[in-house]
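One-letter residues, chain by chain:
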Amino acid sequence: MKVELRNIHKSFGPVHANNGITLDVPAGTIQGILGENGAGKSTLMKILSGFIREDEGEILLDGKVARIDTPSDAIKFGIGMLHQDPLDFLPMRVIDNFIIGADGGLFPNKKQAQNEFLELQSQFNFNIDPDAHVDSLTVGERQQLEILRLLWLGARVLILDEPTTGISSSQRQKLFATLKILAEQGKTLFFVSHKLEEVEGLCHRIAVFRQGEVVGEVQPPYTTDDLVRMMFGKEVKLGEKEKIAGEQAVIQFKQVTVEDSRMRIANINLDIFPGEVIGLAGMAGSGQRQFLKACCGLLKPVAGKVTLHGKDLTGKPYHNYLGSGVAYVPASRLEEGLVEGLTLNEHFILAEDQEGFFINRDKFRDITRERIKEFNIKGRPGSPVESLSGGNQQRALLALMKTPLKFLLIEHPTRGLDVESAIYIWGKLKERCRQGTSIVFISADLEEVLHYSDRVLVFFGGKVSEPLDARTTTVDQLGQLIGGKGFKA
Amino acid sequence: MEKSKSQWIEFAFRVGAVILAILFTTLVLIVAKAPPLKAFNEIIKGSIGSPVKLADVLVAFVPLLLVTSGLLFTFTAGLYNLGIEGQIILGAIFTTWIYRLLMDTALPPAVIIIAGFVAGAIGGALWAALVGALKTFGGVNEIFGGLGLNFVATALIIWLIFGPWKQPGIGSMSGTKPFPETIWLPMVEGFRLSWWSVGLAMAGIVLVYVLLKGTYFGLKLKAVGKNFHASFILGIPHTRFMMVSFMLCGAFAGLAGATQVIGVYHRLIPSISSGYGFLGLLVAMLINYQALLAIPVALFFAALNIGSIQLPIVLKLDSALSGVLQGSLVLFVVLMEGVRQRFMKKETGKDGE
């Protein structure tokens, strides 16, 4: 289906998120949508898929004006959106998820739906058991299920919002193969990403967004430097790698074994030095999250010993770790990290140590203003955190961390952030390292892991590699380990 | 500028809700073949028509305000303390218990009265702690735990009145033997009202306002209520805060029970809670965390309650009419709040990034 966007405008308060966007996408095209956070990509995609209404402008589908008010309107027009986090129902079965958006009357014909499901998935070499529960699938498989569901509902336009976040590289290859097949079938695909190599490798054409406008439309062959320049309006270089780690180990893990309902990770031995950065790599659900939680007492080790500055913290509860200078930054910002309904100011009050019984509001107004400025958060002290954009929420989370800290644990420090913000965040983190804070972080971005870590631990199915020196490890080697090659049985 | 505009809109929606609730109640009256204007007139006359009526409104206002003050803690912590009725009852029971122990001693009346209030607060707090413990340690939802314990409390009070604490001779629904007048709260001459209990209730709501608005305790409680998972990660011991909010709420409910015993009935009666617990839930929902609003709203609800007492006699209407008006008021305010949010969202397009 041919999609034409004509002069789309959308403002949120003072922010002009889409400022007169015009874009024509012929059928059978994989259209790349590239841009940093807040460039207006998501807003445009939400307009196209009916989540929000444009203020001005029109959408033409195959030459006819279409008025899309809701997501269900969108799917009737044949537009389906694949969200960054799959919108599925975890406790339900695959097949129930598959038919849930369809008009099937009171008693849906599951048998027929199941056959159609199997037939559809064979086209793309997917291998999902229709009777499995969704929570047993990987993020990649859930994404596949979502694609199948949208196609079954008659989607001829698919919007993919950062689809490669959190999936393995083999699943990414499969996804890309699928997208190519769909394009050959004449489907129109919008591929939204800020990852240059993905967009370059996959898309037939690229539209670069900056500050709510399309600043360039490019066709292959692409030049990376040009794309970066268009995205940011300038060139961006990663900071130099530096080694700051001290000599005397701060945190020691001796023969630590952690386990939860899903897996058991046995005999972890690790000494972490002051100022050192340890990256944890591995496919989602390989045990790195359990290890990180064990580092701050959210998961009690079943065996072994954890010491911080010689103090035995094994089996102590989370708040003892907090009291000893350990901090934990969770991945899910609005579920675990921030309190929806509280303002930025209130968050800073809560994050600092309590002084007295009554809150000194004036003092905290200043602290909040300072941090907002320092961390470049786009928001006011009185803004509720849920009104901030994802990247600003992430910056707020990091700004909440106390100073000084001995040990900082972070899940996905720069997920969903554009390159520039990521560099900025890491600059802040490295500043802490220079003050002696050790950092352990999880990331799915191998470049990030290798660039910012001193040492890397790779997790695979509950097994842990020896610590690897990040300077002498390549992305390929890391990729192989993540895929399970090189682990002792 | 912009803020005051949205505040005006909010106010307008509130007023609209009140008008809708009155219209709805009028409709109910018409369906019940009763003259609406006359009924409303009776309610007004019945609540502010004479000094005695006004005093009765204040008598109802005190327990209602105390209960609402307590519920502000649990609502802020994101908890639905439906066990509030049982907590009032246990407060009244503890007060009566202490009174029975101390009434024949040589202690000065003021000490006995204070002991009675303290005992009531402790009784309510302990009964609420049971709900809290069931929730935090036993995984029993506080709504079910609270409602279950309400039945237990009712059974307990009936057993006490007809059993161990029965009047000399035979137990009766009229309650236990009245306490000597020396250990009543000082009453206003000729009324059932005591200014001391009004003062207690007002001090209570101001205390709650200050605690919730200006202290770390209040902010942490709010954080727990909005997202207990994140508050835990931020280092707030959320189970402890939930327990404390239950116990504070129970203490206020217990104080309400104590004022009923010490300042109104001067004995324990089976219906000592008089439904003020559930009515307090309505008030707390209506004021939407704005503590100081509790004063006018509780006063209004008390007036409706007292005003409708005359309805069965004068108009052959059930006095539940005040309940219809109170209930529909809450429903319409909550409904209009939902409408307002949709309306505002459309205007500012707040739902995106």
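Now for a look at the structure at hand. (Residues numbered from 1 in each chain as written. Chains lettered and ligands numbered in written order. Predicted model: local features only at pLDDT ≥ 70, side-chain atom pairs only at ≥ 80, totals over all residues.)

1. Side note on the overall build of chain B
Then, in step 1: Across its full length, chain B carries 14 helices and zero strands.
Then, in step 2: Mapped from its N terminus to its C terminus, chain B presents α and β elements in the order α-α-α-α-α-α-α-α-α-α-α-α-α-α.
Then, in step 3: Taking 20 Å as the expected radius of gyration for a compact globule of 353 residues, we find that chain B reaches 21 Å, a close match to that expectation.
Then, in step 4: Structurally, chain B occupies a C-alpha span of about 70 × 60 × 35 Å along its principal axes. (Helix = DSSP H or I, 4+ residues; strand = E, 2+ residues; numbered from the N terminus. Rg over C-alpha atoms; globule rule 2.2 N^0.38 Å.)

2. A look at the nonpolar core
Then, in step 1: Membership of the largest hydrophobic core comes to 180 residues, with the highest contact counts inside it found for A:Leu280, A:Leu409, B:Leu64, B:Val67 and B:Val283.
Then, in step 2: Here the element with the most residues in this core is helix α10 (residues 238-265) of chain B; it accounts for 18 residues.
Then, in step 3: A:Leu280 has contacts with A:Gln288, A:Phe291, A:Leu292, A:Val440, A:Phe441, A:Ile442, A:Leu457 and A:Phe459, leaving out every residue within four places of it along the chain.
Then, in step 4: Counting 56 residues, the second largest nonpolar core, distinct from the first, contains A:Val3, A:Ile8, A:Leu151 and A:Ile206. (Core = buried A, V, L, I, M, F, W, Y, C linked by C-beta atoms within 7 Å. Buried ≥ 20, exposed ≤ 12 C-beta atoms within 10 Å, placed from the backbone. Contact = placed C-beta atoms within 7 Å.)

3. Regarding the interface of chain B and chain A
By a widely used convention, the size of an interface equals the accessible area lost when the partners come together.
Then, in step 1: Chain B puts 21 residues into the contact, and the matching count from chain A is 27 residues.
Then, in step 2: Listing elements by their share of the side of chain B that touches chain A, those giving two or more residues are α8 (216-226) and α9 (228-233) of chain B.
Then, in step 3: Among the elements that make up the side of chain B that touches chain A, the one with the highest residue count is α8(B) (six residues).
Then, in step 4: Looking at the side of chain B that touches chain A, its residues break down into seven nonpolar, nine polar and five charged. (Nonpolar A, V, L, I, M, F, W, Y, C, P; charged D, E, K, R; others polar.)

4. Focus on unusual backbone geometry
Then, in step 1: Cis geometry marks the peptide bond from A:Pro220 to A:Pro221; its omega dihedral reads -5°.
Then, in step 2: Relative to the helices and strands, A:Pro221 is located in the loop between β10 (213-218) and α8 (224-232).
Then, in step 3: A positive phi angle is found at A:Asp62, which is not glycine, with a value near 50°.
Then, in step 4: Inspection of the secondary structure assignment puts A:Asp62 in the loop between β4 (56-61) and β5 (64-66).
Then, in step 5: Residue classification places A:Asp62 among the partly exposed residues on the basis of 13 C-beta atoms within 10 Å.
Then, in step 6: Positioned with a positive phi, B:Ser274 is a non-glycine residue whose angle comes to about 50°.
Then, in step 7: Take B:Ser274: it is sitting in the loop between α10 and α11 (276-287).

5. Let's talk about the environment of A:Leu118
Then, in step 1: Structurally, A:Leu118 can be placed in helix α4 (residues 110-123).
Then, in step 2: C-beta crowding within 10 Å serves as the criterion here: with 14 such atoms nearby, A:Leu118 is assigned to the partly exposed category.

6. Let's talk about the pairing of strand β14 (residues 303-308) of chain A
Residues and elements named next belong to chain A.
Then, in step 1: In terms of strand pairing, strand β11 (residues 251-259) meets β14 through five bridges, oriented antiparallel. Counted as the bridge partner of Ile 251 is Leu 308 from β14.
Then, in step 2: Inspection of the sheet shows β14 paired to strand β15 (residues 311-312) by two bridges, in the antiparallel sense. Its bridge partner lying in β15, Thr 307 is registered against Asp 312.
Then, in step 3: With antiparallel pairing between neighbouring strands as the criterion, β14 and β15 make up a hairpin whose turn holds two residues, including His 309 at a positive phi of roughly 50°. (Pairing = 2+ DSSP bridges.)

7. Topic: α11(B)
Residues and elements named next belong to chain B.
Then, in step 1: Between its terminal C-alpha atoms α11 stretches 16 Å, which fits the 16 Å expected from twelve residues at 1.5 Å a residue.
Then, in step 2: Most of α11 sits out of view: ten of its twelve residues are buried.
Then, in step 3: Those residues of α11 that sit buried are Tyr 276, Gly 277, Leu 279, Gly 280, Leu 281, Leu 282, Val 283, Ala 284, Leu 286 and Ile 287.
Then, in step 4: Immediately beyond the C-terminal end of α11, within one or two residues, lies Asn 288, with a positive phi of roughly 50°. (Expected span 1.5 Å × (residues − 1).)

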